[in-house]
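# Inside the fold
As a plain string of letters, each chain reads:
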Amino acid sequence: MKLQDLLKNIQPVEIAGDVETEVTGVNIDSRKIKDSHLFVAMKGTQVDGHKFIPKAIELGAKSILCEDMPEEKVEGVTYVKVESTEDAVGKVATLFYGDPSKKLKLVGVTGTNGKTTIATLLYNMFRKFGHKCGLLSTVCNYIEDEAIPADHTTPDPIELNLLLSKMVEAGCEYAFMECSSHAIAQKRIGGLTFTGGIFTNLTRDHLDYHKTFENYRNAKKAFFDGLPKSAFAITNADDKNGMIMVQNTKATIKTYSTRSMADFKARILECHFGGMYLDVDGREVGVQFIGKFNVSNLLAVYGTAIMLGKKPEDVLVVLSTLHSVNGRLEPIQSPEGYTAIVDYAHTPDALENVLNAIHEVLNGKGEVITVCGAGGNRDKGKRPLMAQEAVKQSDKVIITSDNPRFEEPQDIINDMLAGLNEQQMKKVISIVDRKEAIRTACMMAKKGDVILVAGKGHEDYQEIKGVKHHFDDKEVIRGIFGINKK
Ligand SMILES: CC(=O)N[C@H]1[C@@H](OP(=O)(O)OP(=O)(O)OC[C@H]2O[C@@H](n3ccc(=O)[nH]c3=O)[C@H](O)[C@@H]2O)O[C@H](CO)[C@@H](O)[C@@H]1O[C@H](C)C(=O)N[C@@H](C)C(=O)N[C@H](CCC(=O)O)C(=O)O
Ligand SMILES: Nc1ncnc2c1ncn2[C@@H]1O[C@H](COP(=O)(O)OP(=O)(O)OP(=O)(O)O)[C@@H](O)[C@H]1O
Ligand SMILES: N[C@H](CCC[C@H](N)C(=O)O)C(=O)O
Ligand SMILES: [Mg+2]
């Protein structure tokens, strides 16, 4: 492909060199550059990618997209200066990979919690309808059956377009993806054409990165602002930011609610540990999920399927066959008659919701022991709030480590404990070693009790000082229970 063809959707400020240059790949990371690639220099949060232009050229880059023109130019290399490489990179990557999102029905999900659940359930549902599908999610990416490990909730623009182009190649008709606030703010999804967008909810997270709640909200809103007129935007009318998200969108707005009038409505008729009976728009359906928040998630899935042209009655049949997503409210029964639940709740709001869900089912008939921690090198403000939420709805709480990353595990635990008063502290113990913490909870539990092991869900590692050690909450629990498989 010629460099010129990749510049169609951007407005260069200055070009030095030949735009007829052949481009065989596009990269934002100099370490991945191969012969005749285009290197895009990004000003990152850690380093300025412009520093790596010489390295990229050494590895074979023949064209450079940058914000600052290097003073010394290399013969035979074409330099394209733009106002913002962050704005440009998605648009360039999209063209390089043949505009794959236009060839798919691409649906993006954003919000603080529920993205993985909704995107995965849509992928499972549309496959059950017989369509070829792709999924981009925190847990794993999929092109039909082929699993491609995910490093991020939303991949960088190059990886993202590459994966979408592979989906097109594999004959996929639909792609469902999570759009994290980081990805929207960093324009990783720039240049993509969405058929639909879903908003789940907005509570605090990632304030280390976005600084203020308003910035965080605006990052999420930017996704809806950018949807085309032909798209649909499905929003959660029960969330106080639900309507704000879509106030400037050109897309067709649809709402879902478990409480008030909306385009898609549902309420719980009955619930038990195996699932719930719901009334969805006047039709009854049994689902294999628990928790009010999952009613919202299922409504988002239902509404989206209808907006994608499916009949409500057919959607409900498939909905009743779907089951919980890896590490999301996943129950494991102990031989002693108590239940351990592994969940990915890693925000105060998610903890509150998950504990609510457990109490809805437990109905006062057993105690709740919560094992949780908070990630290192991430939003510190959420730590005391997470401890408070855990204490509010548990009989006992064991504060432990999540992924300490580069922080001292005990410091993170102390930040959590700082949120508790003397009275609350009576329910709490702290154990740095996560395995020991889970083991202790299991020793405390009696028949009929529930142990919530929160924060790591599907993760099969614990990240300590830059090293990912194998660690899997479910595996640890099964080991303690003496059962090897599900
Ligand atoms: C804070 C953040 O989001 N950082 C992301 C950002 O990197 P950055 O701006 O910090 O990059 P940098 O390290 O400063 O480097 C600047 C540029 O120099 C390049 N470089 C760097 C070194 C080198 O030798 N050569 C080179 O070319 C880099 O490739 C980059 O283009 O852009 C990169 C490419 O897209 C991301 O991989 C990186 O994710 C980091 C690793 C990360 O941990 N991100 C997390 C916070 C994240 O994105 N999380 C959300 C999920 C959140 C949620 O939903 O809960 C996600 O979508 O996963
Ligand atoms: N609609 C919801 N409202 C509130 N909490 C939810 C909702 N759906 C799921 N949760 C809780 O949040 C946790 C994370 O869910 P999920 O992985 O679907 O969210 P996510 O938005 O993809 O998170 P991440 O930002 O880490 O990618 C779940 O384990 C559950 O505890
Ligand atoms: N996507 C979230 C995941 C957090 C999961 C939790 N286990 C942690 O490590 O903090 C983040 O990057 O903040
Ligand atoms: Mg996710």
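How each quantity is defined
- Residues numbered from 1 in each chain as written.
- Chains lettered and ligands numbered in written order.
- Predicted model: local features only at pLDDT ≥ 70, side-chain atom pairs only at ≥ 80, totals over all residues.
- Heavy atoms only, no water.
- UniProt positions renumbered as here; feature names shortened; annotations may be inferred.
- Helix = DSSP H or I, 4+ residues; strand = E, 2+ residues; numbered from the N terminus.
- Contact = heavy atoms within 4.5 Å.
- Phe/Tyr/Trp six-rings, centres within 6.5 Å; stacked < 30°, edge-to-face > 60°.
- Buried < 20%, exposed > 50% of the residue type's maximum accessible area, 1.4 Å probe, protein only.
- Lys NZ or Arg CZ within 6 Å of the ring centre and 35° of its normal.
- Near = heavy atom within 4 Å.
- Polar contact = N/O pair within 3.5 Å; in protein donor to acceptor, adjacent residues only side chain to side chain.
- Areas by Shrake-Rupley, 256 points an atom, 1.4 Å probe, with all protein chains shown as cover.
- Nonpolar A, V, L, I, M, F, W, Y, C, P; charged D, E, K, R; others polar.
- Domains from an automatic or database assignment.
- Buried area = accessible area lost by both parts, 1.4 Å probe.

The next subject is the UniProt feature "domain: Mur ligase central" (unreviewed entry) in the protein chain. Mapped onto this structure's residue numbering, the UniProt feature "domain: Mur ligase central" (unreviewed entry) falls at residues 109–304. In the segment residues 109–304, helix accounts for 34% and strand for 27%; the C-alpha atoms at its two ends are 10 Å apart.

Within the secondary structure, Ser181 is located in helix H6 (residues 181–185). As for Ser181 and Thr154, which are separated by 27 residues in sequence, their C-alpha atoms are 9.2 Å apart. Those residues in contact with Ser181 that lie beyond four places of it in its chain are His206, His210, Tyr216, Ala219 and Lys220.

Describing an aromatic ring pair means giving the distance of the ring centres and the angle of the ring planes. As enumerated under the stated definition, the model contains 12 aromatic pairs in all. With 5.0 Å between their ring centres and 85 degrees between their planes, Phe96 and Tyr97 make a pair best called edge-to-face. Judged on exposure class, the residue Phe96 and its partner Tyr97 are both buried. We note Lys456 situated over the ring of Tyr461; from NZ or CZ to the ring centre the distance is 5.1 Å. Of note, Lys468 hangs over the ring of Tyr461, and the distance from its end group to the ring centre comes to 4.3 Å.

Every one of the 21 residues lining ligand 2 counts as a neighbour, but Thr116, Thr117, Arg328, Asp343 and Val354 are closest to it. Take Ala345: an N or O atom from its main chain is 3.5 Å from an oxygen atom of ligand 2. Protein chains bury 96% of the 630 Å² of accessible surface belonging to ligand 2 in isolation. Residue assignment for the shell around ligand 2 shows that the elements contributing at least two residues are helix H4 (115–128), helix H10 (292–307) and helix H12 (348–362). The dominant element in the shell around ligand 2, judged by the number of residues it contributes, is H12, at 4 residues. For the shell around ligand 2, a count of residues per class yields 5 nonpolar, 11 polar and 5 charged. Per-domain counts for the shell around ligand 2 show at least three residues from each of domain 2 (98–320) and domain 3 (330–481).

Per the domain assignment, the segments making up the protein chain are domain 1 (3–85), domain 2 (98–320) and domain 3 (330–481). Taking the mean C-alpha position of each, domain 2 and domain 3 sit 27 Å from one another. At the junction of the two partners, domain 2 supplies 18 residues and domain 3 supplies 22 residues. Buried area between domain 2 and domain 3, both sides added, is near 1,600 Å², and the carbon and sulfur share of it is 64%.

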